Protein chains: 4
Amino acid sequence: MSPTSTQVARRDAILAAAVAVFGAAGFADAGVDEIARRAGVAKPTVYNHFGDKRGLLLESIRWATARAQQRVMGALSGLDPSAADLRAELERVSRALIECLLSDEGTAVMRLQVSEQHHLAELDSLRLGARQATVEALAGRLAIIAAHGRLRLPDPVLAARHLMALTSDEPLAESGFGARRLQPDEVVGPVRDGVDTFLAAFGVD
Amino acid sequence: MSPTSTQVARRDAILAAAVAVFGAAGFADAGVDEIARRAGVAKPTVYNHFGDKRGLLLESIRWATARAQQRVMGALSGLDPSAADLRAELERVSRALIECLLSDEGTAVMRLQVSEQHHLAELDSLRLGARQATVEALAGRLAIIAAHGRLRLPDPVLAARHLMALTSDEPLAESGFGARRLQPDEVVGPVRDGVDTFLAAFGVD
Amino acid sequence: MSPTSTQVARRDAILAAAVAVFGAAGFADAGVDEIARRAGVAKPTVYNHFGDKRGLLLESIRWATARAQQRVMGALSGLDPSAADLRAELERVSRALIECLLSDEGTAVMRLQVSEQHHLAELDSLRLGARQATVEALAGRLAIIAAHGRLRLPDPVLAARHLMALTSDEPLAESGFGARRLQPDEVVGPVRDGVDTFLAAFGVD
Amino acid sequence: MSPTSTQVARRDAILAAAVAVFGAAGFADAGVDEIARRAGVAKPTVYNHFGDKRGLLLESIRWATARAQQRVMGALSGLDPSAADLRAELERVSRALIECLLSDEGTAVMRLQVSEQHHLAELDSLRLGARQATVEALAGRLAIIAAHGRLRLPDPVLAARHLMALTSDEPLAESGFGARRLQPDEVVGPVRDGVDTFLAAFGVD
DNA sequence: GATGAATGAGTTTTCATTCAT
DNA sequence: CATGAATGAAAACTCATTCAT
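As the structure is a computational prediction, the values presented were derived from the model and not from experiment.

Moving on, we get to the packing of helix α4 (residues 53-77) of chain C against helix α6 (residues 104-115) of chain C. Residues and elements named next belong to chain C. Packing of α4 against α6 brings their axes to within 9 Å, and their N-to-C directions diverge by 130°. Classified by the angle their axes make, α4 and α6 are oblique. Both α4 and α6 take part in a crossing whose hand is left-handed. Only E105, G106, V109, L112 and Q113 of α6 make contact with α4, whose side of the interface consists of L57, I61, W63, A64, T65, R67 and R71.

Turning our attention to the protein's contact with DNA strand E. Among the 31 residues in the neighbourhood of DNA strand E, the closest are listed as A:K43, A:Y47, B:P44, B:T45 and D:T45. Put simply, 60% of the atoms of DNA strand E that lie within 4 Å of the protein are in sugar or phosphate. Interatomic distance of 3.0 Å between a side-chain N/O atom of C:K53 and a phosphate oxygen of DNA strand E. Mapped by element, the contributors of at least two residues to the surface near DNA strand E are α3 (43-50) of chain A, α1 (5-25) and α3 (43-50) of chain B, α2 (32-39) and α3 (43-50) of chain C together with α3 (43-50) of chain D. The biggest single contributor to the surface near DNA strand E is α3(B), with 5 residues. The class makeup of the residues in the surface near DNA strand E is 14 nonpolar, 7 polar and 10 charged.

Within the structure, DNA strand F sits among 31 residues, and A:T45, B:K43, C:P44, C:T45 and D:Y47 are positioned closest to it. Sugar and phosphate atoms form 61% of the subset of DNA strand F atoms that lie within 4 Å of the protein. A distance of 2.9 Å separates a phosphate oxygen of DNA strand F from a polar atom in the backbone of C:A42. A distance of 2.7 Å separates a base oxygen of DNA strand F from a polar atom in the side chain of D:K43. Where the surface near DNA strand F is concerned, the elements lending two or more residues are α3 of chain A, α3 of chain B, α1 (5-25) and α3 of chain C together with α3 of chain D. Considering each element in turn, the surface near DNA strand F owes the most residues, 5 residues, to α3(C). Broken down by class, the residue content of the surface near DNA strand F amounts to 14 nonpolar, 8 polar and 9 charged.

Calculation criteria
Residues numbered from 1 in each chain as written. Chains lettered and ligands numbered in written order. Predicted model: local features only at pLDDT ≥ 70, side-chain atom pairs only at ≥ 80, totals over all residues. Heavy atoms only, no water. Axes fitted to C-alpha atoms, helices over the stretch in contact; angles between N-to-C directions. Helix = DSSP H or I, 4+ residues; strand = E, 2+ residues; numbered from the N terminus. Parallel < 35°, antiparallel > 145°, perpendicular 65-115°, else oblique. Left-handed = near helix turned anticlockwise from the far one by under 90°. Contact = heavy atoms within 4.5 Å. Near = heavy atom within 4 Å. Polar contact = N/O pair within 3.5 Å; in protein donor to acceptor, adjacent residues only side chain to side chain. Nonpolar A, V, L, I, M, F, W, Y, C, P; charged D, E, K, R; others polar.

Written out as structure tokens, the structure is:
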């Protein structure tokens, strides 16, 4: 029998609660009790669905990673290769990417992936996969721009990595990997600087 | 009365054990029991010295951060502004920096700072301070090189940040922020690529 | 949902065990472990029901005080105002009261109320309330006797207090406030003496 | 060699601190650390003098009991058998007795004797001895008064016990056995009432 | 003999996990 | 299947007591 829609809703409620609680408190300090309470279900229901706490963590990170990745892809697909002002377009998309990274769910995922690897080796491939997918997507767009003759890119994938590194490193560090919310201009400035350097390296004239 | 040398040795042994255990397991999963055992002291001795588990974490991160910072500074001071092969010199120093970051103590510090901020807001200033000191030191060296006319740097501090971002981002991500030991060529390649882009942006001719 | 009968039984078992253990060892030396073992439940069950050790103490004293008070009231209601031999009747009831005070539960309550007031200020009103209720009930009975013309009582409440003081002081002191079990004649004699003095003061020739 | 005077002073300082701390917190909750700190000595000094915590309790109760007993005897020796107003004299002395009982040291002793008997069976004889000495002393005085024809006392010891019971029961109960300080009129009234009844029973018309 | 530091043993409390309903 | 209550295992922390100086 296929799962009913209330079952799916319940499952999603648990996953959302888990991401929030795990992200805020970390795996060890998160209580299954509180996750169940937030999801509006009883504790054994959580266990029925996910086996144990570790399984819940794994599944909730998978779930949140997929959602985050979707938002990232949305942001990247908004990059217009023929935009009149290339510099402005790169800054806009870089800011959008950083917003995804620093959103509530984004930071929850990021921090859990960094801090809970000893609990879940399975996470690593997930994290790297997401990173690679993002890089590839960005590289594709940059390649199109290069094909238009507006960038000089011997290796679009490398360029994509470097663009991300240049623009996101500073905001990530400043925010404490998502622990603190950034003010808008704490993103705008570093992104402009990063794109500057990127264009100095890869720009045409 | 000033502390005797056994006192200091004991204290350092506890701190070293704490960094190792906290770094490997995270704050919550680390047991004071095990830290004491590794340090070769009884549990109450740990409490006598550091008050409680939280105080021990704080102090051990302070201690390890200071040691790591010293090693980083040592690496940077090795940058020779008049080296014949500038590209090679930048690569060498970048690799040295990354080795510091990915050393046992370095990764312990990094992962704790990322994952335990909800336990210790005090950590944030420490982390940012260390980062800034490193950036400033590197910026100073780069400025000298620029003064020799071998780099074109409108803003040495920004250049320092970008050099670090370009060279270290990939190795950090690949290693899972220190969870996995990297093979030498997992560092060499990305560093070369990073320095390439850096020189494309800031190099002279 | 109303508690099932096993719930109540379990709760009462814990309370009875707690009164016994607290009474014998005092609050600090009593172990929740032993209370749980005696009650035939697991330790966390105790915590689920009563929150913490302090809450368990409070609740168990409330419970035991109520039970003791019930027994005291039973004893007092047995005082027959028209008994042929008034002296014998007063002695009988006084002995019954003292038996309540020196019963296992009675002494547990008494000693905890004396010794653990720094843990539980709430206890004080409980103790005084129980004392007052007893005094009032006894006063009521004495007043009836006085109305029959067999005692001369300007103030029945005062007389009740004095009767209790005269008969119970010595046995309480001798027993070490319940620490030692008394032989029957260690109660009989002092009670007779106390009633003697009481009647010398309030008797009608 | 006889102990030097500083040794005696130190010893007394420890005992005084012990009585205060034990009396306020009870045996189990009292810390040897705090006793040592209050006495201005190091912890091992306490152990050198008294062996262990139990020994310190025992010795400090002995010491405080002796001091309290001295004060009680002083109060009783002030009873003037030929005072013009016998009622006033009995009230005065009864109040003095109660003041001894409810003084800081007095309540400390009383509460420890009640609550720590499972720690120290030796205490019992001490307590009973002190009680008996007090009763005997009071009985002696009452006997003199009776010899003067101002009281009719078949058994002076019994009368002494009853006078103490009648006057001190209520204040002791009200004060929670010394937990709460009484207002003066919380002593005066009950004492007057107690002496009233005493004289009604034993007075000469 | 007095002290500062160290320790061994024990206690309260918590929490992931599982029955019984 | 969902729930309320129960449990086993573990971990932080404390404290009486003892060395080394």
